[in-house]
Amino acid sequence: MLHGSRAAEYPAEIENWKQQLKPDLPDCHIYSAFLEILKPSLPESITQCVSVGIDHITIIPLFVTPGTHIREHIPALLAQSKQEHPEVKIELLPYLGALPGFLTLISKAAQTGLKELSE
């Protein structure tokens, strides 16, 4: 679950991420969903999953902070999708910034960047 962007390279970058994730998640189907600008929307992506027989959907919101999308928009879309597909288990994981290790990742990236700048 991503925000969406008008940047021309954005969809290709997301597809690249999905391809890189596949080896680590061999038993998972990886779909994209966007809140704005791009397709598919979250309800469309959930419907697509259901149409191919997926009955357990885990949504990972790739947002750094808990803004309005996390607090209001995504829960509302999920409630709608759960009503439309009551036979499907749909769960929402914490947003990216709330995941354990997120700040460590930022710290390591900053340290790596600082080392490269000082060389």
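Scroll up to find the structure.
Residues numbered from 1 in each chain as written. Predicted model: local features only at pLDDT ≥ 70, side-chain atom pairs only at ≥ 80, totals over all residues. Heavy atoms only, no water.

A. Structural context of the state of the cysteines. Tallied over the entire structure, the rule returns zero disulfides. The thiol of C28 is not disulfide-bonded; the next cysteine sulfur, from C49, is found 11 Å away. For C28, a relative accessible area of 43% corresponds to the partly exposed category. In this structure C49 comes out as buried when scored by relative accessible area, which is 6%. (Disulfide = S-S within 2.5 Å. Buried < 20%, exposed > 50% of the residue type's maximum accessible area, 1.4 Å probe, protein only.)

B. Representation of a nonpolar patch on the surface. Taken together, the side chains of W17, I60, L62 and L93 present a nonpolar region at the surface, about 310 Å² in accessible area. Relative to the elements of secondary structure, L62 occurs in the loop between β1 (56-59) and α3 (68-84). (Patch = residues over 30% accessible without salt bridge, like charges linked within 9 Å, V, L, I, M, F, W, Y side chains within 5 Å. Areas by Shrake-Rupley, 256 points an atom, 1.4 Å probe, with all protein chains shown as cover. Salt bridge = Lys/Arg side-chain N within 4 Å of Asp/Glu carboxyl O. Helix = DSSP H or I, 4+ residues; strand = E, 2+ residues; numbered from the N terminus.)

C. How the structure looks around the packing of aromatic side chains. If you walk through the whole model with that rule in mind, you get one aromatic pair. Seen from their ring centres, Y10 and F34 are 6.1 Å apart, and the 55 degrees between their planes marks the pair as tilted. Of this pair, Y10 sits in helix α1 (residues 10-21) while F34 sits in the loop between α1 and α2 (42-51), and the two are 24 residues apart along the sequence. Each of the two residues, Y10 as well as F34, counts as buried. (Phe/Tyr/Trp six-rings, centres within 6.5 Å; stacked < 30°, edge-to-face > 60°.)

D. The arrangement of the environment of C49 in detail. Examined against the element boundaries, C49 turns out to sit in helix α2. Between the alpha carbons of C49 and V88 there is a distance of 9.8 Å; along the sequence they are 39 residues apart. Excluding residues that lie within four positions of it along the chain, C49 makes contacts with Y31, I54 and I57. (Contact = heavy atoms within 4.5 Å.)

E. Inspection of the layout of surface pockets at higher detail. Here the largest pocket defines a volume of roughly 830 Å³. H29, I30, Y31, T58 and I60 are the residues nearest the centre of the largest pocket, which is lined by 27 residues in total. Going through the elements one at a time, α1, α2 and β1 are the ones with two or more residues in the lining of the largest pocket. Tallied by class, residues from the lining of the largest pocket come to 20 nonpolar, five polar and two charged. (1 Å grid on protein atoms, 1.4 Å probe; cavity = no way out; pocket = protein on both sides within 12 Å on 5 of 7 lines; lining within 4 Å. Points joined across faces, edges and corners; volume = space filled by probe spheres on them. Nonpolar A, V, L, I, M, F, W, Y, C, P; charged D, E, K, R; others polar.)

F. Representation of the environment of L21. Structurally, L21 is set in helix α1. Sequence spacing of L21 and L62 is 41 residues, and the spatial spacing of their C-alpha atoms is 14 Å.

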